[in-house]
Every structure is written in structure tokens, then in C-alpha cells.
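Summary of structural features
Here's the letter readout for the chains.
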Amino acid sequence: PDVKVEDVLRHESGLANLHVGIEPTHLLKDHLHKGTVASLIANNKQTFPDSTPREYHNLTGGWIINEVVRKATPDNVTLGTYIRREFYKKHNVDVHLGLTKEELARTHPLKAMTVTKAVLQSLIPNAFGGEVEHNIFVFGKILNSFKKKFMEVEKRGFAPMFAGQSQQGDPGKSIPEFFNSSVWREGESPAGSVHASARALAKLAAAMSMGGKVEGGEVITPGAWSLLHANPVCRPDAQFGMARTEFTQGGVNMYKDYEDDTMKERLMKSGRDGFVGWKGMGGSVIQWHPKLQIGFGYACTFLTWWDMVNTKARKMQKEVKSCVQRAKEKNTDVNNNEPTTS
């Protein structure tokens, strides 16, 4: 079937997986203009899950949207160039896609626990210094789920996302090694290789919570903001074990608590009701709460590669939301903690 931009952004294009892996060097800005990635995806056969059109596009959606931006902009710039120009240079929002050689020196190496260490840490209660959020029984289930999703041979005949990439090995070693590589950091994978500090993510999220306004300017017009958040569709997502997600036509997820939430859905959304945005692999989050006008950014250099619901950030979001709600109930100015007069 024909694919619309909103289908890609709702993860319903049938292109969540590829039959031929991408060469990481093909994601470098100069190579993107040659159209190699675009041709590979264009020739890829659409494949949909059996019981839902939605299957989260881990990386492919970002690659497709980058091509749309490159074709739609008058000067044919990549999304990385657009972000640098519109966010960083105009508004000093320190967010980047496709680092320069000079910017590589500003990055911090990512680290993670090996599988063995994570298992051992799950045996230690958190109260006694255990570094894994879950006990050994829960962590064992999470680890098995991770292995089935990312480490077992793909039964539908899809290739690994990157050519020559092995699905075996210890993810606590292979994931940081790949993410720390210069070719990954310099390349443009909009759904995976955006580089930012937590402060920068929070600044951007704060702007989004205020309709796109940031320090006297606009990172996005009110009309574009409305379109970004319009027409959310709630459907089961095959990538998340049929847990429901609610993506808009602009590709942001609406986090809403439903009365019939399953356990998987509660784990994904608990404390996030009313937030909008995304979460990243390893723990990072950029989300905003338009009603409470909260912008939340969380970035980490220590990756919890097994945690698909970003538990640490979720718990902090819950506390931030609770603090803001209490402050509003007390009619307190949350910026300076001084009581306001009505």
C-alpha cells in the first residue's frame, strides 16, 4: 500500500525492518545526498504484523523522515543540518544530529553493565546498593524478553539494521562500543543518534510545553505545534508485545492512563499520564506536559540497555509532576517558590 508521512510517524508504514542492512557510513551527511539509504529503503518490501499495522520503527522511521526533509527543504538540507541551523544557532538549544569532528571532543563515552554484572547486581536489594532496579526474578524475565527481541535470529527473514552487525555477544559491551564509534556519532539516525545534554533536552521540552516558545522566540510556530500533536491514534504495537501506543500524525506519543491498562502498559506509562514525547534506548527521555507546562529532559552516559520503559526517568517524571501539582494547589509560583496573590 501507499505510504503517507503520517504512516511513518505513527510506525505504520510496514517498514520497521529491512531485508538488507545499512552501511553505517551511508548515514554520514555527505553520503546521504547520494541517496543510497533512500534507494535501499525504497526497494524494501513492506511487511506488517499479523494483528496490527503498528510496529515501532526503531531506526528506519528516522531514516525515511530524513529523506523527506532533504527532498522538501528548498536547499535540500538533511535533518541534522536543519536542527543545527534552527535550534542550535538560532536559539542556542544544544541539540545535534550528526556531530562534527570538533564536537566529538565534547561527548562523554557511554558505558553499561555486562550481562553477568547486571545479573549479579539484581541479586542485591536496592536498599543495600544493588544497581539494578529489579530483583533477580523480574530481571530474568526482562533479560529473556530482550534476548528474544534483539539477539535471537530473526524468524521473518529480516537483516540486522547494520550490515555485518552480529546479534550475538554481550549487549553490555557491543551497544556502548557501537554508540561510541565516530561513524555513529557523525552519522544521522534521527531516531537514535541525536546528541544532547539533559539540560538541552529539558530546554527544548520546556519550549514544547509552552506551545513552542523559548526565551522570547519560537522553536516551532503555534500552527506547526498544533499539527504535531493532532490526530492521535491508539493501537497495539507489535514491537512492545501488543501494548498500546498513541502516536499523533506528527510522531509524538501521547502518554495516557486507560482504565483497562495491561501490566506492560502500566510499566510504560506509570507516572507519565499527560506527558507527550519520546524515550530513547538506554534511559534517555524528552517529554513535555502541555497542561501542567512541564518540560522534562533526562540523558545518561550509563546505559540500562535492558530497560525498555526507562524506569529511572519515569520515576523522576512522576515526582516532578507531583511537585508541580502540589505547588499549583498551594497557589505557589514554581519559579521562585513565593506565594502568589489571587
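To be clear, the structure that these remarks concern was listed above.
Report follows, based on the coordinates. (Residues numbered from 1 in each chain as written. Predicted model: local features only at pLDDT ≥ 70, side-chain atom pairs only at ≥ 80, totals over all residues. Heavy atoms only, no water.)

A short note on the overall build of the protein
The number of helices and strands found in the protein is 14 helices and 12 strands. For the protein, whose C-alpha radius of gyration is 20 Å, the value lies close to the compact-globule estimate of 20 Å for 342 residues. The C-alpha extent of the protein, read off along each of the three principal axes, is 65 × 55 × 45 Å. Taken across its 342 residues, the protein has 45% of its residues classed as buried. Sequence separation of at least 24 residues holds for 61% of the intrachain contacts in the protein that already meet a minimum separation of 6. (Helix = DSSP H or I, 4+ residues; strand = E, 2+ residues; numbered from the N terminus. Rg over C-alpha atoms; globule rule 2.2 N^0.38 Å. Buried < 20%, exposed > 50% of the residue type's maximum accessible area, 1.4 Å probe, protein only. Contact = heavy atoms within 4.5 Å.)

Here we look at the pairing of strand β9 (residues 276-279)
Alignment of strand β8 (residues 253-254) against β9, held across two bridges, turns out to be antiparallel. If you follow N253 over to β9, its bridge partner there is G277. Taken together, the four bridges between β9 and strand β10 (residues 285-289) define a ladder with antiparallel strand orientation. Paired with W278 across the two strands is I286, which belongs to β10. Linkage of β9 to β10, two consecutive antiparallel strands, is achieved through a turn of five residues, within which G282 is found at a positive phi near 100°. (Pairing = 2+ DSSP bridges.)

Quick word on the packing of helix α7 (residues 115-122) against helix α8 (residues 136-150)
Contact pair α7 / α8: the axes reach a minimum separation of 8 Å and the direction vectors enclose 150°. As judged from the angle between their axes, α7 and α8 are roughly antiparallel. Classified by chirality, the crossing of α8 by α7 is right-handed. Between α7, through V115, A118, V119 and S122, and α8, the contact on the second element is made entirely by I136, F139 and L143. For the contact of α7 with α8, the class distribution of residues is six nonpolar, one polar and no charged. (Axes fitted to C-alpha atoms, helices over the stretch in contact; angles between N-to-C directions. Parallel < 35°, antiparallel > 145°, perpendicular 65-115°, else oblique. Left-handed = near helix turned anticlockwise from the far one by under 90°. Nonpolar A, V, L, I, M, F, W, Y, C, P; charged D, E, K, R; others polar.)

Structural notes on a nonpolar patch on the surface
Taken together, the side chains of L120, L123, I124 and F128 define a hydrophobic patch exposed on the protein surface, amounting to about 440 Å² of accessible area. For I124, a relative accessible area of 34% puts it in the partly exposed group. (Patch = residues over 30% accessible without salt bridge, like charges linked within 9 Å, V, L, I, M, F, W, Y side chains within 5 Å. Areas by Shrake-Rupley, 256 points an atom, 1.4 Å probe, with all protein chains shown as cover. Salt bridge = Lys/Arg side-chain N within 4 Å of Asp/Glu carboxyl O.)

Details of the pattern of salt bridges
For the structure on display, the rule yields 17 salt bridges. The salt bridge partner of D94 is R106, with a shortest N-O separation of 2.4 Å. Of this pair, D94 sits in the loop between α5 (79-91) and β1 (95-97) while R106 is found in the loop between α6 (101-104) and β2 (111-112), placing the two residues 12 residues apart along the sequence. Here K101 and E186 are joined by a salt bridge, their closest N and O atoms 3.1 Å apart. You can see K101 sitting in helix α6 and its partner E186 sitting in helix α10 (residues 182-186), a full 85 residues away along the chain. Salt bridges sharing partners connect three or more residues here, namely R244, D260, D261, E265 and K269.

A word on the side chain of H11
Structurally, H11 can be placed in the loop between α1 (5-9) and α2 (29-32). A residue is classified by how much of its surface remains accessible, and H11, at 8% relative accessible area, is buried. A polar contact of 2.9 Å, which involves the side chain of H11, links it to the backbone nitrogen of H57. Setting aside residues no more than four positions away along its own chain, H11 makes contact with P53, R54, E55, Y56, H57 and F247. (Polar contact = N/O pair within 3.5 Å; in protein donor to acceptor, adjacent residues only side chain to side chain.)

Side note on the nonpolar core
Counting 62 residues, the largest nonpolar core has W63, F162, V219 and W305 as the members making the most contacts within it. Ranked by residue count, the leading element in this core is helix α11 (residues 198-209), at six residues. Beyond its immediate stretch of four places on either side in the chain, W63 contacts L18, I22, L27, V37, I41, M161, F162, E188, S189 and P190. Counting six residues, the second-largest nonpolar core is a separate cluster that includes Y56, F247, M268 and V309. (Core = buried A, V, L, I, M, F, W, Y, C linked by side-chain atoms within 4.5 Å.)

Some remarks on the packing of aromatic side chains
To describe a pair of aromatic rings, you give the distance between the ring centres and the angle between the ring planes. Summed over the entire model, instances satisfying the criterion amount to 13 aromatic pairs. Ring centres of F146 and F150 lie 4.9 Å apart, and the angle between their planes is 45°; this geometry places the pair in the tilted category. Remark: F150 and F146 occur in helix α8; sequence separation between them is four residues, near one turn of the helix. Residue F146 is classed as buried on the basis of its relative accessible area of 5%. Note on F150: relative accessible area 26%, which makes it partly exposed. The interplanar angle of 85° and the centroid separation of 5.2 Å between the aromatic rings of W305 and W306 together place this pair among those described as edge-to-face. (Phe/Tyr/Trp six-rings, centres within 6.5 Å; stacked < 30°, edge-to-face > 60°.)

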